[in-house]
Amino acid sequence: MSFETLPGFRAFYPENAAKRAAIFGLWRAAASSFNFLEYDAPVLESLELYIEKSGEEIVGQLFHFEDRGGRTVALRPEMTPSLARLVGAKANSLKRPIKWFNIGEHYRYERPQKGRLRAFYQFNADILGESSAAADAELMTLLVHALKGFGLDATDFKLRLSDRDLWLFLLQAEGLDSTISLAVLSIIDKLERTQREKTIEELTSVMGESAVAFMAKVETLVAIRDFPALEKYFSRLALEKPLAELIEARLAEWRFLLKALENSGVSEFVEIDFGIVRGLAYYTGFVFEAFEASGEGRALAGGGRYDDLVGKLGSQSMPAVGFAMGDVTLGDLLEKKGLLAVAESSPDFILIIGGEAERAQALSDASALRAAGYSVEYPLKELAFGKQFKEANQRGARFAIVYGSDELEKGVLKVRDLTAGEETDYPRENLIELAKSLYGKVSK
RNA sequence: GUGGCUGUAGCUCAGUUGGUUAGAGCACCGGAUUGUGAUUCCGGGGGUCGCGGGUUCGAGUCCCGUUAGCCACCCCA
């Protein structure tokens, strides 16, 4: 019988665990510098929670089972429902705006492929209780800041910004009701990956003969990359009064958002792109996705405003905006750019032990050094001196301290600088002072 | 759920028209070397050739099935 890691899951040998820790560390650092607070929620939740948010179709893509108490439960496929549940339960006592983040593993029962596994980590950041676009701007700034933290710049990734409100206004102008609108948005979401004729065919099936003319409007909108062009686009539609006013109010929101992004210094990362509508229907305003600048690969991160979800999953409604960034696509990109070089950890000191008689002193010194904050290693079995030095060198230790019969008799600490290849005898008594002075001289 | 490609040691791979006991490099462990690091030399462990079936005197090699991985589609919260 042999056992392997399950499909879509990963085992983290030390090298990869170190990379994962590096990613988590930078996520956490970014969140902290924006003063987001870390929270966590159970990995296992009621299956109903996800059905409530996403519909019955979601069940086929979850790891789910019935527990021994007869509860139907699922491993979390995403963080947002748990967050909404937590916030909803204490909505009245939480100081707003609520700025929270989480780093956690998520599970989806899907076919693994490039950039997509069955178990993956996500960095989730959300601002709840603030409906102004200032929150959207702050969150998008955090997203850019987090990616920059990895050494990525504007030539590496872009934030593609879109707006479901404007989309819905446009669809209203076409006279489509909300059900048809959602179907149309779902078709538009696939625009990039679908042949033009196929798209027209699908549009025709939901909205009839007007599809061809509508397609032209869509293509114009989707090609827009700057705000003046966007304003011009909507003014040229020459719409009737109530809708025109709604659109003008929305464009004012846009101006506010873009100004805030500019002031935060992240404009160069942001691109208007109405090709982004995000799959599921619960987004209610600005939506955005971070992509590799080359356009390759899956989204590095995605998010947007979801003002109705908290109310749907709890008793209180609350405006909210958030994003999630996965470790898989990000890791692929960092690997490709050579930004995931993690140095193998090496000890500050390696103790060279002559024999069992000298081991007692070595162990005692190791404890003292460790208590003082140094990382210390020594061989667990008796080895020839030559072997031990070879080992010390391979482990990348900076200093070796020699515990032989001679040194103990003379009462000296013999320290070998493994980089310089020099040995020096120091008086025995000041072990910690010695360590400090050695590492004061060489940069640790 | 659909399709394409690929499975030989921990890793990268070789393996002839089907032919005897399946190989190399790297990595790992030990020795040469009982007080000083590279290199070198010697030795060792590690394989049900993904799995099952078929054809054949004989299969890592050919055929069928299956499974896993990768990639694309579907989906993408």
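Residues numbered from 1 in each chain as written. Chains lettered and ligands numbered in written order. Predicted model: local features only at pLDDT ≥ 70, side-chain atom pairs only at ≥ 80, totals over all residues. Heavy atoms only, no water.

### Quick notes on the overall build of chain A
Alright, step 1. Within chain A, the regular secondary structure consists of 16 helices and 16 strands.
Alright, step 2. Relative to its length of 444 residues, chain A is extended, with a C-alpha radius of gyration of 29 Å against a globular reference of 22 Å.
Alright, step 3. Expressed along its principal axes, the backbone C-alpha trace of chain A runs to roughly 100 × 55 × 50 Å.
Alright, step 4. Across the 444 residues in chain A, those meeting the buried criterion constitute 47%. (Helix = DSSP H or I, 4+ residues; strand = E, 2+ residues; numbered from the N terminus. Rg over C-alpha atoms; globule rule 2.2 N^0.38 Å. Buried < 20%, exposed > 50% of the residue type's maximum accessible area, 1.4 Å probe, protein only.)

### Digging into the nonpolar core
Alright, step 1. Formed by 79 residues in total, the largest nonpolar core has its most connected members in Trp27, Phe123, Trp167, Leu230 and Met325.
Alright, step 2. Looking at which element gives the most residues to this core, the answer is helix H4 (residues 133-148), with 10 residues. (Core = buried A, V, L, I, M, F, W, Y, C linked by side-chain atoms within 4.5 Å.)

### Quick look at the packing of H4 against helix H10 (residues 241-263)
Alright, step 1. Relative orientation of the contacting elements H4 and H10 amounts to 35°, with a least axis distance of 9 Å. The way H4 lies across H10 gives a crossing that is right-handed. Along the contact surface, H4 presents Ala133, Ala134, Asp136, Ala137, Met140 and Thr141, while H10 presents Glu253, Phe256, Leu257, Ala260 and Leu261.
Alright, step 2. Taken together, the residues of the contact of H4 with H10 break down into 8 nonpolar, 1 polar and 2 charged. (Axes fitted to C-alpha atoms, helices over the stretch in contact; angles between N-to-C directions. Left-handed = near helix turned anticlockwise from the far one by under 90°. Contact = heavy atoms within 4.5 Å. Nonpolar A, V, L, I, M, F, W, Y, C, P; charged D, E, K, R; others polar.)

### Digging into the domain arrangement of chain A
Alright, step 1. Domains assigned within chain A are domain 1 (14-337) and domain 2 (349-439).
Alright, step 2. A straight line from the C-alpha centre of domain 1 to that of domain 2 covers 55 Å. (Domains from an automatic or database assignment.)

### Brief notes about the pattern of salt bridges
Alright, step 1. Under the defined criterion, the tally for this structure stands at 35 salt bridges.
Alright, step 2. With a closest N to O distance of 3.8 Å, Asp273 and Arg225 form a salt bridge. In this pair, Asp273 sits in the loop between strand E8 (270-272) and strand E9 (286-292) while Arg225 sits in the loop between helix H8 (211-223) and helix H9 (227-236), placing the two residues 48 residues apart along the sequence.
Alright, step 3. On the accessibility criterion, Arg225 (38% relative accessible area) is partly exposed. (Salt bridge = Lys/Arg side-chain N within 4 Å of Asp/Glu carboxyl O.)

### Points about the protein's contact with RNA strand B
Alright, step 1. The environment of RNA strand B is formed by 38 residues, the closest being Glu78, Asn393, Glu407, Leu418 and Glu423.
Alright, step 2. If you look at RNA strand B and keep only atoms within 4 Å of the protein, 45% of those are sugar or phosphate atoms.
Alright, step 3. Between RNA strand B and Gln113, the relevant distance is 3.2 Å, taken from a base nitrogen to a side-chain nitrogen or oxygen of the residue.
Alright, step 4. Contacts to RNA strand B include Lys381, whose side-chain N or O atom sits 2.7 Å from a phosphate oxygen.
Alright, step 5. At 6 residues, helix H14 (residues 385-394) tops the list of elements feeding residues into the surface near RNA strand B.
Alright, step 6. Taken together, the residues of the surface near RNA strand B sort by class into 10 nonpolar, 8 polar and 20 charged. (Near = heavy atom within 4 Å. Polar contact = N/O pair within 3.5 Å; in protein donor to acceptor, adjacent residues only side chain to side chain.)

### Topic: the side chain of Asp156
Alright, step 1. On the secondary structure map, Asp156 appears in the loop between H4 and strand E7 (157-163).
Alright, step 2. For Asp156, a relative accessible area of 8% translates into the label buried.
Alright, step 3. At a separation of 3.0 Å, a polar atom in the side chain of Asp156 contacts the side chain of Lys337.
Alright, step 4. Those residues in contact with Asp156, other than ones at most four positions away along the chain, are Gly151, Phe291, Glu292, Ala293 and Lys337.

### Considerations on the sheet that holds strand E16 (residues 422-427)
Pairing between the strands of a sheet comes from backbone hydrogen bonds, and it takes one of two forms, parallel or antiparallel.
Alright, step 1. Strand order in the open sheet formed by 5 strands is E13-E12-E14-E15-E16, and the pairing between neighbours is mixed. Taken across any chain shown, the strands that pair with only one partner, and hence form the sheet edges, are strand E13 (376-377) and E16.
Alright, step 2. Two elements, strand E14 (residues 399-403) and strand E15 (residues 412-417), share 4 bridges in a ladder whose sense is antiparallel. Bridged to Ala400 within E15 is Arg416.
Alright, step 3. In the packing of helix H13 (residues 356-371) onto the sheet, contacts are made with strand E12 (349-353), E13, E14 and E15, and the angle to E12 comes to roughly 170°. (Pairing = 2+ DSSP bridges.)

### A short note on the packing of helix H5 (residues 164-173) against H8
Alright, step 1. Direction vectors running N to C along H5 and H8 enclose 160°, while the axes themselves pass 12 Å from each other. Considering the angle they form, H5 stands roughly antiparallel to H8. By crossing handedness, the relation of H5 to H8 is classed as right-handed. Along the contact surface, H5 presents Trp167, Leu170 and Leu171, while H8 presents Phe214, Val218, Leu221 and Val222. (Parallel < 35°, antiparallel > 145°, perpendicular 65-115°, else oblique.)

### Structural notes on the side chain of Glu292
Alright, step 1. Mapping Glu292 onto the fold places it in strand E9.
Alright, step 2. If we ignore the near neighbours within four places in the chain, the residues touching Glu292 are Asp156, Phe157, Leu300, Leu333 and Lys336.

### Digging into the pairing of E9
When a strand is regular, its side chains alternate between the sheet's two faces.
Alright, step 1. Of all 7 residues in E9, 7 are buried; the element is thus mostly enclosed.
Alright, step 2. Pairing of E9 with strand E10 (residues 301-305) involves 4 bridges; the strand directions are antiparallel. Bridging across to E10, Val287 finds its partner in Gly304.

### A look at a negative patch on the surface
Alright, step 1. A grouping of Glu48, Glu52, Glu56 and Glu57 is seen on the molecular surface, where their side chains present a negatively charged patch.
Alright, step 2. We classify Glu56 as exposed; its relative accessible area is 55%. (Patch = residues over 30% accessible without salt bridge, like charges linked within 9 Å, V, L, I, M, F, W, Y side chains within 5 Å. Areas by Shrake-Rupley, 256 points an atom, 1.4 Å probe, with all protein chains shown as cover. Lys, Arg positive; Asp, Glu negative; His and termini not counted. Charge placed at Lys NZ, Arg CZ, Asp CG, Glu CD.)

### A word on the environment of Tyr39
Alright, step 1. Its location among the elements puts Tyr39 in the loop between strand E1 (37-38) and strand E2 (44-46).
Alright, step 2. Each C-alpha atom, one on Tyr39 and one on Trp100, is 6.5 Å from the other, the two residues being 61 residues apart in sequence.
Alright, step 3. The residues touching Tyr39, leaving out its near neighbours within four places in the chain, are Met79, Leu83, Leu86, Trp100, Phe101, Asn102, Asn124 and Asp126.

### Remarks on the environment of Lys436
Alright, step 1. Take Lys436: it is sitting in helix H16 (residues 431-441).
Alright, step 2. Classification of Lys436 as partly exposed rests on a relative accessible area of 48%.
Alright, step 3. Spatially, the C-alpha atoms of Lys436 and Pro319 are 53 Å apart, while their sequence positions differ by 117 residues.

### Notes on the sheet that holds E1
Alright, step 1. The sheet built from 8 strands is open, its strands ordered E1-E5-E6-E11-E10-E9-E7-E8 with mixed pairing. Looking at strand neighbours, the two that pair on one side only are E1 and E8, the edges of this open sheet.
Alright, step 2. For E10 and strand E11 (residues 320-326), the ladder comprises 5 bridges, and the chain directions are antiparallel. Residue pairing for E11: Arg305 is matched across the bridge by Val321.
Alright, step 3. In the packing of helix H1 (residues 14-33) onto the sheet, contacts are made with E1, strand E5 (98-107), strand E6 (119-128) and E11, and the angle to E6 comes to roughly 0°.
Alright, step 4. Helix-sheet contacts for helix H3 (residues 80-89) involve E5 and E6, and the interaxial angle to E6 is about 40°.

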